[in-house]
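Descriptive analysis of the structure
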Amino acid sequence: MSTERNDRRTHFEPARLLLGLSLLVIAAGFAARTAGAIDIQLRYLAGAVPAALVLTAVVSVITYALRRGRGRDSAGAGGRPVR
């Protein structure tokens, strides 16, 4: 691995985790319905996709607001750190 890749800082994105887990659960629901393991109406599974997207958007906005607010607390006028 190059040192450039190790120097880059990545942030944990809870919205991505939530969306991935939600879509996995929905896909498992579709698979279980197709296999006949559960008896759930298709409209509930199809309606879960937009609900997961809306929930992900809400979590993303909250995460953005918290990170932006945390950044403001540590910076003074002009964006310079307060000593």
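First, a word on scope: everything that follows refers to the structure included in this document. (Residues numbered from 1 in each chain as written. Predicted model: local features only at pLDDT ≥ 70, side-chain atom pairs only at ≥ 80, totals over all residues. Heavy atoms only, no water.)

A few points about helix α2 (residues 14-35)
Going by this rule: The numbering of helices and of strands both runs from the N terminus, where a helix is a DSSP run of H or I of at least 4 residues and a strand a run of E of at least 2. By definition here, a helix of n residues has an expected span of 1.5 Å times n minus one. Note on exposure labels: buried denotes an accessible area under 20% of the residue type's maximum, exposed denotes more than 50%, and partly exposed covers the range between, all computed with a 1.4 Å probe on protein chains only. Each C-beta atom gives one direction from the helix axis, and the arc is the one those directions make.
For α2, which comprises 22 residues, the first-to-last C-alpha distance of 31 Å matches the rise-based estimate of 32 Å (1.5 Å per residue) to within 8%. Inspection of α2 places A15, S22, I26 and G29 among the buried residues, and these make up the whole buried set. In an axial view of α2, the angular spread of the buried residues amounts to 55°, which keeps them on one side of the axis. Away from its buried face, by an angle of more than 90 degrees, α2 presents the exposed residues R16, L24, T34 and A35. Downstream of α2 by a residue or two, G36 has a phi angle that is positive, lying close to 85°.

Considerations on the side chain of S22
The following threshold applies: Pairing of N or O atoms within 3.5 Å defines a polar contact, subject to two protein rules: one partner must be a possible hydrogen donor and the other a possible acceptor, and residues neighboring in sequence count only if both atoms are side-chain atoms.
Mapping S22 onto the fold places it in helix α2. There is a polar contact of 2.7 Å between the side chain of S22 and the backbone oxygen of L18.

Some thoughts on the pattern of salt bridges
As a reminder, the rule being used: Salt bridges are defined as contacts in which a side-chain nitrogen from Lys or Arg sits within 4 Å of a carboxyl oxygen from Asp or Glu.
One pass over the structure, following the stated rule, counts one salt bridge. Between R67 and E13 there is a salt bridge; the shortest N-O distance is 3.2 Å. Linking R67 in helix α3 (residues 42-73) with E13 in the loop between α1 (3-7) and α2, this pair joins segments that are 54 residues apart in sequence. By relative accessible area, which is 31% here, R67 ends up partly exposed. Assessed through its relative accessible area of 30%, E13 is described here as partly exposed.

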